[in-house]
Amino acid sequence: MPVITSTFQEITEAQMLPRLIRLGPNLYGASFTLMKVLPARYILRRAQERGALGPDTSIVETTSGTFGLALAMQAALMRRRLTLVSDPAIDANLYRRLTDLGARVEICPEPDPVGGYQAVRLRRLAEVRAEQPDSFCPEQYTNPDNPASYQVVAEQLHGALGQVDCVIGPVGSGGSMCGTVRGLRAHTPHTRAIGVDTHRSVLFGQPDGPRALRGLGNSLWPANLDHTVFDEVHWLSATEAYAATRRLHARHALFQGPTSGAAFLAAEWYARQHPDQVCVVMLPDEGYRYQATVYDDVWLAENGHLLAELPKEPTDADSVDAVDGRWTRLEWRRRAYEEVPGVWAKSGGAPVAAPSAGTSR
């Protein structure tokens, strides 16, 4: 008779790994159902092993998207109390799913002038932790277990494809790209990393501002973002990302979210330019959350996001301050932030680093 374990124990890393799908002669998609389940599970298991999650310890976190959903899934399976501090980016359907899973969700209605929603969410998170002394915060922006969880993805890619010459993926917390690429470079130090960001995100040197494209980019600097990992950075508009998401679905029957579309557009172009390289694009989540938006032509038209034709290539920039509102590419060359021409800090401003929620309570 087979041994029956708890549902939490049955969910293994193998079940969370992406499907590898060939998208071109030298391009493969690492297609996740929900990529953030991998770091959520890893972080919580490591916390249990270290004793940071006691019998009655609650979980608290700030998130506006899929990491919150991943935590809610894990907390439900572990029978743990979960409080999520978020903002209006959580739509009604996601809110319902989170609360169905038992999470308490707090919405911060207004952004900060500096630091946007992330800053006000972090302040509220510190207050929640003060109210719940026996709590654990996964701290996805600062916890090194976030990038460490992607070592299994690197091993999967290396085992399936051998030499991987380039990884292209969206950047938000920095965990998936930095963790996967570091793991691959243990085998192939030449492996290139192309980060995909959006305009008015501070991650790679632009000043903060309103962003329609969510799920990548940030108003704060995550400690898990290591700029020296990246060889190139591409910035895309929401309109371009949405159109690329629809192209990915139409051409490859991959029903993914808009961060996947953004990464796919950059990856498709790069793979064409380098036919001798084996390229992998990270596709973080499925598209069901976006059926009423990205996959709805009426919504796209009403919000000014219909695009007659996608650009065939990015515009090259020689500095961050030359990046405009279109798809733009910059050779980052594994440099530290301060070494790259035109970053915001060199024009009198400086991005706000995301603090550790564990030290701010």
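Our structure is the block above this text.
Residues numbered from 1 in each chain as written. Predicted model: local features only at pLDDT ≥ 70, side-chain atom pairs only at ≥ 80, totals over all residues. Heavy atoms only, no water.

Student: Help me understand the sheet that holds strand β1 (residues 19-24), please; the structure alone is not making it clear to me.
Tutor: Sheets are built from strands paired through backbone hydrogen bonds, the pairs being either parallel or antiparallel. With mixed pairing, 8 strands are arranged side by side in an open sheet as β1-β2-β11-β7-β8-β10-β13-β12. Only two strands of the sheet have a single neighbouring strand rather than two, namely β1 and β12 (315-317). Within this sheet the neighbouring strands show an average axis-to-axis angle of 25°, counted without direction. Of the pairings in the sheet, the one linking β1 to strand β2 (residues 27-31) comprises 5 bridges and is antiparallel in character. (Pairing = 2+ DSSP bridges. Helix = DSSP H or I, 4+ residues; strand = E, 2+ residues; numbered from the N terminus. Axes fitted to C-alpha atoms, helices over the stretch in contact; angles between N-to-C directions.)

Student: Help me out: how do you make sense of the packing of helix α8 (residues 151-161) against helix α9 (residues 175-185) in this one?
Tutor: For any two helices packed against each other, one specifies the crossing angle of their axes together with the interaxial distance. For the pair α8 and α9, the least separation of the axes is 8 Å and the interaxial angle reads 50°. Between α8 and α9, the interaxial angle falls into the category oblique. Two packed elements cross with a definite hand, and for α8 against α9 that hand is right-handed. Taken together, the residues of α9 that come into contact with α8 (itself represented by Q151, V153, A154, L157 and H158) are T180, G183 and L184. Across the contact of α8 with α9, the residue classes tally to 4 nonpolar, 4 polar and no charged. (Parallel < 35°, antiparallel > 145°, perpendicular 65-115°, else oblique. Left-handed = near helix turned anticlockwise from the far one by under 90°. Contact = heavy atoms within 4.5 Å. Nonpolar A, V, L, I, M, F, W, Y, C, P; charged D, E, K, R; others polar.)

Student: Whenever I open this one, the packing of aromatic side chains confuses me. Can you help?
Tutor: We describe a pair of aromatic rings using the distance from one ring centre to the other and the angle between the two ring planes. All told, the structure shown has 7 aromatic pairs when counted by the stated rule. Judged by centre distance (5.1 Å) and plane angle (80°), the rings of F204 and W332 are edge-to-face. Taken together, the positions of F204 in the loop between β8 (192-198) and β9 (220-221) and W332 in the loop between β13 (328-331) and β14 (352-353) put the pair 128 residues apart, joining distant regions of the chain. Owing to a relative accessible area of 0%, F204 belongs among the buried residues under this scheme. By relative accessible area, which is 0% here, W332 ends up buried. With centroids separated by 4.4 Å and ring planes inclined at 45°, the aromatic side chains of F255 and Y295 adopt a geometry described as tilted. On the criterion of sequence distance, the pair formed by F255 in the loop between α10 (238-252) and α11 (258-273) and Y295 in the loop between β11 (279-283) and α12 (297-302) is long-range, its members being 40 residues apart. (Phe/Tyr/Trp six-rings, centres within 6.5 Å; stacked < 30°, edge-to-face > 60°. Buried < 20%, exposed > 50% of the residue type's maximum accessible area, 1.4 Å probe, protein only.)

Student: Looking at this model, I keep getting lost on the packing of helix α4 (residues 66-78) against helix α5 (residues 92-100). Mind explaining?
Tutor: Running from N to C, α4 and α5 cross one another at 20°; their axes reach a closest spacing of 9 Å. In terms of orientation, α4 lies roughly parallel with respect to α5. The chirality of how α4 crosses α5 is left-handed. Here α4 contributes G68, L69, A72 and M73 to the contact with α5, which in turn contributes L94, R97 and L98. Its residues assigned to classes, the contact of α4 with α5 shows 5 nonpolar, 1 polar and 1 charged.

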